[in-house]
Amino acid sequence: MRGRRHDGPPPPKKRKRITDQAGTVTPDDLGVHPGRDWFTVLSGTAVLYLGERVIRVEAGQAASFSTMTPHADRGPAEILMILDHNAERSHLGS
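The written sequence of each chain sets the order in which its residues are numbered from 1. In keeping with the predicted nature of the model, local features appear solely for residues at pLDDT of at least 70, side-chain atom pairs appear and are counted solely at 80 or more, and the whole-chain, interface and lining totals rest on all residues. Side-chain metrics rest on all non-hydrogen atoms present in the structure, leaving aside hydrogens and water.

### So, the side chain of His-71
Structurally, the position occupied by His-71 is in strand 5 (residues 71-74). Reaching out from His-71, the side chain makes a polar contact with the backbone oxygen of Thr-69 at a distance of 2.9 Å. Helix numbers and strand numbers start at the N terminus; a helix is a DSSP run of H or I with at least 4 residues, a strand a run of E with at least 2. In the analysis that follows, any N or O atom pair within 3.5 Å is treated as a polar contact, provided that within protein one partner can donate a hydrogen and the other can accept it, and provided that, for residues neighboring in sequence, both atoms belong to side chains.

Below, the structure written as structure tokens:
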């Protein structure tokens, strides 16, 4: 078998509509929490603010990053997120 074996329920998924327009982001806008985020853009363009970097993620593209790096997202875009256990608690309040 290739890859890692996954026992238990599949990782949680969250569909998110980003309505905040890309532009200036202040340090207060950037969040940090344990875990990893992975998302793919379903429509629109997501702008990922990742530390000092600004990354445009177009429809059909994906991004993955450590959430211990200060981050924020802007759009407009619709994304599908797959969360690890730590990120699940931050995003879904579990």
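### So, the pairing of strand 4 (residues 62-66)
Taking every second residue as pointing to the same face, the buried face of strand 4 carries Ala-63 and Phe-65, while none of Ala-62, Ser-64 and Ser-66 on the other face is buried. Relative to strand 4, strand 2 (residues 36-50) runs antiparallel, the two sharing 5 bridges. When the bridges of strand 4 are listed, Phe-39 appears paired with Ala-63. Residue exposure (1.4 Å probe, protein chains only): buried if accessible area is under 20% of the type maximum, exposed if over 50%, otherwise partly exposed. Strand pairing requires that DSSP identify at least two bridges connecting the strands.

### Comments concerning the nonpolar core
Joining through side-chain atoms within 4.5 Å is the link that ties buried Ala, Val, Leu, Ile, Met, Phe, Trp, Tyr and Cys residues into a set, and such a set is a nonpolar core. With 13 residues, the main nonpolar core has Phe-39, Val-41, Ala-46, Leu-48, Val-57 and Ile-79 as its most contacted residues. If you list the elements that add at least two residues to this core, you get strand 2, strand 4 and strand 6 (77-83). Considering each element in turn, this core owes the most residues, 5 residues, to strand 2. By the convention used here, residues are in contact when the closest approach between their heavy atoms is within 4.5 Å. Not counting the four nearest positions on each side in its chain, Ala-46 is found in contact with Ile-18, Phe-39, Val-41, Ile-55, Arg-56, Val-57, Arg-74, Ala-77 and Ile-79.

### Description of unusual backbone geometry
Here the amide bond leading from Gly-75 into Pro-76 is cis, since omega sits at 15°, within 30 degrees of zero. Position of Pro-76 among the secondary structure elements: in the loop between strand 5 and strand 6.

### Some thoughts on the confidence of the model for the chain
Confidence per residue, as judged by the predictor, is encoded in pLDDT with a range of 0 to 100. Taken residue by residue, the chain gives an average pLDDT of 84. The fraction at 70 or more is 78%. Considering each helix and strand of the chain separately, the mean pLDDT is smallest for helix 1 (residues 85-92), with a value of 58, and largest for strand 3 (residues 53-58), with 97.

### Topic: the pairing of strand 6
For strand 6, a buried count of 5 out of 7 residues is recorded, marking the element as mostly surrounded by other parts of the structure. Relative to strand 6, strand 1 (residues 13-18) is paired through 6 bridges, and the arrangement is antiparallel. From the neighbouring strand, Lys-14 faces strand 6, where its bridge partner is Met-81. The sheet contact formed by strand 2 and strand 6 spans 7 bridges and is antiparallel. Within strand 6, the residue paired with Trp-38 across the bridge is Ile-82.

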